[in-house]
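The residues making up each chain are set out below.
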Amino acid sequence: MTKRKKTAILISAIAVIAVLVVGMTLAYFTDQDQKQNVFTLGKVAGSLDETSTDGTKTDNGYNYDHVKPGDKLDKEPFVTVDGDSEDAYIRVSITVGNTDGKLTDTNKQEILDGLDIQDGWVKGTDGYYYYQTKMSKGQQTGKVFTTVSIPAESWGNDQAEAVFTIDLKADLIQADNFTPTTNDGGQIVSWGNVDIQNAK
């Protein structure tokens, strides 16, 4: 076999291999697609507000001056769920503070016992008052209470010029995928060991 024939056979073989390789590459249909799924978390948020016809409004609530034993003072706190909030359960804590030391623990408890807690709120096993209705965005709870009663018979000169506060704090927790603890009557009485933090 001549050198020329060998070269021609080699070129022909390379051409056939090239055709087979190209043919094999073009023999497959291919495609590619991708998706990016975006998950945006919601939040729960609300505000504790109140009204009063007896007090003087301040940035933090109301001030009541010249209070006397036997007075019944209008004070109506409630909670509103923000318009961009997820559905929420709500609870409120109520404490009495006194920095001048003129009120005893018994006096403070008398103030708490004299609050006319309204229907829809139930005192839980942990001392919080739980609203019994799941709330949606923009909704407002019923009033927690409407009247602060100053004891008439047990308060006198020992409490003269005493300054005390009624401090309220509202907590909200998402309603979806959360089950509060209820009593035998089906009333919400606890959220368990939940760590409540401010939404960012």
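Now for a quick tour of the structure. (Residues numbered from 1 in each chain as written. Predicted model: local features only at pLDDT ≥ 70, side-chain atom pairs only at ≥ 80, totals over all residues. Heavy atoms only, no water.)

## Details of the overall build of the protein
Piece 1. In terms of helices and strands, the protein carries two helices and twelve strands.
Piece 2. For the protein, the sequential pattern of α-helices and β-strands runs α-β-β-β-β-β-β-α-β-β-β-β-β-β.
Piece 3. In the protein, which comprises 200 residues, the share counted as buried stands at 30%.
Piece 4. Intrachain contacts of the protein at a sequence separation of at least 6 include 75% that bridge at least 24 residues. (Helix = DSSP H or I, 4+ residues; strand = E, 2+ residues; numbered from the N terminus. Buried < 20%, exposed > 50% of the residue type's maximum accessible area, 1.4 Å probe, protein only. Contact = heavy atoms within 4.5 Å.)

## Section: the nonpolar core
Piece 1. With 22 residues, the main nonpolar core has Ile90, Val92, Ile94, Trp121, Phe145 and Ile166 as its most contacted residues.
Piece 2. Elements represented by at least two residues in this core include exactly strand E5 (76–81), strand E6 (88–97), strand E8 (129–131) and strand E10 (165–174).
Piece 3. Other than its neighbours up to four places away in sequence, Val92 contacts Val79, Trp121, Tyr128, Tyr129, Val144, Leu168, Lys169 and Ala170.
Piece 4. In terms of nonpolar packing, the next biggest core, distinct from the first, is built from eight residues, Tyr128, Tyr130, Ile173 and Trp191 among them. (Core = buried A, V, L, I, M, F, W, Y, C linked by side-chain atoms within 4.5 Å.)

## Focus on the pairing of E5
Piece 1. With respect to burial, E5 is a largely interior element, five of its six residues being buried.
Piece 2. With six bridges joining them, strand E1 (residues 46–51) and E5 adopt antiparallel strand pairing. Within E5, the residue paired with Glu50 across the bridge is Pro77. (Pairing = 2+ DSSP bridges.)

## Quick look at the environment of Arg91
Piece 1. With respect to the helices, strands and loops of the structure, Arg91 is situated in strand E6.
Piece 2. We classify Arg91 as buried; its relative accessible area is 5%.
Piece 3. Arg91 sits 38 residues away from Tyr129 along the chain, and the two C-alpha atoms are 5.4 Å apart.
Piece 4. Every residue in contact with Arg91, bar those within four places of it in the chain, is listed here: Trp121, Asp126, Tyr128, Tyr129, Tyr130, Lys169, Ala170, Asp171, Trp191 and Ile196.

## A few points about the pattern of salt bridges
Piece 1. In total, this model carries five salt bridges according to the counting rule given.
Piece 2. A salt bridge links Lys68 to Asp71, with the nearest nitrogen and oxygen atoms 3.6 Å apart.
Piece 3. Salt-bridge contacts for Asp126 lead to Arg91; the nearest nitrogen and oxygen are separated by 3.9 Å. Note that Asp126 is positioned in the loop between strand E7 (121–123) and E8 and Arg91 in strand E6, a separation of 35 residues in sequence.
Piece 4. A single salt-bridge network, built from bridges that share partners, covers Arg91, Asp126 and Asp171. (Salt bridge = Lys/Arg side-chain N within 4 Å of Asp/Glu carboxyl O.)

## Thoughts on unusual backbone geometry
Piece 1. Even without being glycine, His66 reaches a positive phi, approximately 55 degrees.
Piece 2. Along the chain, His66 turns up in the loop between strand E3 (62–63) and strand E4 (72–74).
Piece 3. Residue class for His66 comes out exposed when judged on its relative accessible area of 73%.
Piece 4. In this model, Asn177 sits at a positive phi of 65 degrees, which is unusual for a non-glycine residue.

## With respect to the packing of aromatic side chains
Where two aromatic rings form a pair, the distance of their centres and the angle of their planes describe that pair.
Piece 1. Taken as a whole, this structure holds six aromatic pairs when the rule is applied.
Piece 2. Measuring from centroid to centroid gives 5.6 Å for Tyr130 and Trp191, while their planes differ by 70 degrees, and the two rings are edge-to-face. A residue pair is termed long-range when its members are at least 10 positions apart, and Tyr130 in strand E8 and Trp191 in the segment after strand E12 (188–190) qualify at 61 residues. Per residue, the accessibility class of Tyr130 equals that of Trp191, and both read buried. (Phe/Tyr/Trp six-rings, centres within 6.5 Å; stacked < 30°, edge-to-face > 60°.)

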